[in-house]
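This is what each chain is made of:
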Amino acid sequence: MASKRMNMVEAIRDAMDIKLGDDDNVVIFGEDVGYFGGVFRCTEGLQEKYGKSRVFDAPISELGIIGAAVGMGAYGLRPIPEIQFADYILPAYDQIASEAARLRYRSSGEFNAPITVRAPCGGGIYGGQTHSQSPEALFTHVAGLKTVMPSNPYDAKGLLISAIEDDDPVIFFEPKRLYNGPFDGHHDRPVTPWSDHAASEVPEGHYTVPLGKAAVTRPGSDVTILAYGTMVYVAEAAAAETGIDAEVIDLRSLLPLDEETIAESVTKTGRCVVVHEATRTCGFGAELVSVVQELCMYSLEAPIERVTGWDTPYPHAQEWDYFPGPARVGEALVKVMEA
């Protein structure tokens, strides 16, 4: 299969382009996704190509957007609603958790909700407290939902196609910090968006990355780092800076979770550091710590460490003090190695 250099925005757009072309039941809607092409341009050109009945704007009502998507999915469509920023998904939480997630169960399989909710998440762009949050833990707690967060263009395209084709609702978080390419995790500055690092080779045409399968992005033998989204690059930078032979696992899919790959790695290394950008208390890292403790207790040689955002609203001026960086991850790596 031929490939093309794409950044994450282009890969996400390509995935939706392919599914719009493959399946007339696929529709895209949300705030400014039509003529404007989305705040981050993920849907740019799709309305022009497929028409206003397939790609269209919605009122500023997240509850209404997701409520409409649930009804569409129940009657045969495969909607891809966009929430402009993940911070604004909360008004739609009841529709997601009480309706979309439970529709198959409550109807004994007569109806389902094959919807893919796209939402840019995370910080690193000085978006402040209402444009920088990572609410993934709110959705991994809900039975009936699948929750995904890619870290690179290849995975973003393959996972999004898998999500659109899935018969159950998927919450697809897109780290906006990575939209224009992986940033240099060693520094507190983005790489130039269109530099050589801003894109990677992505196959053209249809392919999928399975939901529920993690990827080992950096093999190692000393300690396992569990990360996802932007934190994958921070973890890799921390390993390089400390010189510790860390194995970095990009979870990619939070639910379903690839417990097999996690257990295999931690059993091998005997140590584990969990990294995520969201706030610490009741964050998804707490679930990861529990999973590792349950599956690998007799292999652990040190307590599991968590490196996370702080339990505060996301600050603007002090964003890089909040954002878990290589220094904090490096401290955790040294701590588990010295335990």
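As the structure is a prediction and not an experimental result, all values here were calculated from the model. (Residues numbered from 1 in each chain as written. Predicted model: local features only at pLDDT ≥ 70, side-chain atom pairs only at ≥ 80, totals over all residues. Heavy atoms only, no water.)

## Observations regarding the packing of aromatic side chains
For the structure on display, the rule yields 10 aromatic pairs. Where F40 meets Y179, the ring centres are 5.0 Å apart and the plane angle is 45°; that geometry is what we call tilted. Highlighted residues: F40 in the loop between strand 2 (26-30) and helix 2 (46-50) and Y179 in the loop between strand 7 (170-175) and strand 8 (200-203), separated in sequence by 139 residues. Members of the aromatic cluster, joined through ring pairs, are F40, F85, Y88 and Y179. When the ring centre of F36 is taken as reference, the NZ or CZ atom of R41 above it lies at 4.0 Å. A cation sits over an aromatic face here: R328 above W310, 4.0 Å from the ring centre. (Phe/Tyr/Trp six-rings, centres within 6.5 Å; stacked < 30°, edge-to-face > 60°. Helix = DSSP H or I, 4+ residues; strand = E, 2+ residues; numbered from the N terminus. Lys NZ or Arg CZ within 6 Å of the ring centre and 35° of its normal.)

## Topic: the nonpolar core
Among the nonpolar cores identified, the biggest contains 47 residues, and L251 and V292 are the most heavily contacted of them. Every element with two or more residues in this core is listed here: strand 2, helix 3 (62-74), helix 4 (93-100), strand 5 (116-121), strand 7, helix 9 (259-269), strand 13 (272-279) and helix 10 (284-296). Among all residues touching L251, those that are not within four sequence positions of it are K213, A214, A227, Y228, L257, I262, F284 and L288. Core analysis: the second largest hydrophobic core is formed by 33 residues, A163, L178, V202 and Y207 among them. (Core = buried A, V, L, I, M, F, W, Y, C linked by side-chain atoms within 4.5 Å. Buried < 20%, exposed > 50% of the residue type's maximum accessible area, 1.4 Å probe, protein only. Contact = heavy atoms within 4.5 Å.)

## Here's the deal with the pairing of strand 11 (residues 246-250)
Judged by how many residues are buried, strand 11 sits mostly within the fold: five of five residues are covered. Here strand 11 shows no split at all, with A246, V248 and D250 on one side and E247 and I249 on the other all buried. Taken together, the three bridges between strand 9 (residues 215-218) and strand 11 define a ladder with antiparallel strand orientation. Bridge pairing in strand 11 places V216 opposite I249. Where strand 10 (residues 223-227) meets strand 11, five bridges bridge the pair, whose relative direction is parallel. Bridging from a neighbouring strand, A227 pairs with D250 of strand 11. Considered for its hand, the β-α-β crossover made up of strand 10, helix 8 (residues 231-242) and strand 11 is right-handed. (Pairing = 2+ DSSP bridges. Right-handed = clockwise from strand over helix to strand, strands pointing away.)

## Observations concerning helix 12 (residues 326-338)
For helix 12, with 13 residues, the first-to-last C-alpha span of 18 Å sits near the 18 Å given by 1.5 Å per residue. Considered for burial, the residues of helix 12 that qualify are P326, R328, V329, G330, A332, L333 and V336. (Expected span 1.5 Å × (residues − 1).)

What is shown is where atoms sit, not what they do.
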